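One-letter residues, chain by chain:
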Amino acid sequence: METKAKSNIGSGISKSSSRPIKVYVDQEGEYWLCDAQVDPTSGDFQSQGCVAHSDIHMAEGG
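Every value quoted in this text rests on a predicted model; they were computed, and no experiment measured them.

(A) Representation of the packing of aromatic side chains in the model. What the rule picks out here adds up to 2 aromatic pairs. When the centroid spacing of 5.4 Å and the interplanar angle of 10 degrees are considered together, the rings of Tyr24 and Phe45 count as stacked. In this pair, Tyr24 is assigned in strand 2 (residues 21-25) and Phe45 in the loop between strand 3 (31-35) and strand 4 (51-52), connecting sequence segments 21 residues apart. Note on accessibility: Tyr24 and Phe45 belong to one class, buried. Within the aromatic cluster, the residues linked to one another by ring pairs are Tyr24, Trp32 and Phe45.

If you want it as structure tokens, here you go:
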């Protein structure tokens, strides 16, 4: 299977879904899950409604 998508962490990874999101990394290295239209140049992801990856609680195990 061939894919043309590229990962580009820091410039926003586009995730196709019913609610388009992008993942950004701030200056401290925190990953942020954001709506696709967020302005990454502001650097203030929280005020734009993004969620810090470290705040997401995921179940362990399989």
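(B) Geometry of the nonpolar core. Ranked by size, the top nonpolar core spans 7 residues in total: Tyr24, Trp32, Cys34, Val38, Phe45, Cys50 and Ala52. Not counting the four nearest positions on each side in its chain, Ala52 is found in contact with Glu30, Tyr31 and Trp32.

(C) Structural view of the state of the cysteines. Under the definition given, this model contains 1 disulfide. Disulfide partner of Cys34: Cys50, at an S-S distance of 2.2 Å. Residues Cys34 and Cys50 are joined through a disulfide that is right-handed, its torsion about the S-S bond being 120 degrees. With Cys34 in strand 3 and Cys50 in the loop between strand 3 and strand 4, this pair connects stretches of sequence that are 16 residues apart. Judged on exposure class, the residue Cys34 and its partner Cys50 are both buried.

Each value, and the rule that gives it
- Residues numbered from 1 in each chain as written.
- Predicted model: local features only at pLDDT ≥ 70, side-chain atom pairs only at ≥ 80, totals over all residues.
- Heavy atoms only, no water.
- Phe/Tyr/Trp six-rings, centres within 6.5 Å; stacked < 30°, edge-to-face > 60°.
- Helix = DSSP H or I, 4+ residues; strand = E, 2+ residues; numbered from the N terminus.
- Buried < 20%, exposed > 50% of the residue type's maximum accessible area, 1.4 Å probe, protein only.
- Core = buried A, V, L, I, M, F, W, Y, C linked by side-chain atoms within 4.5 Å.
- Contact = heavy atoms within 4.5 Å.
- Disulfide = S-S within 2.5 Å.

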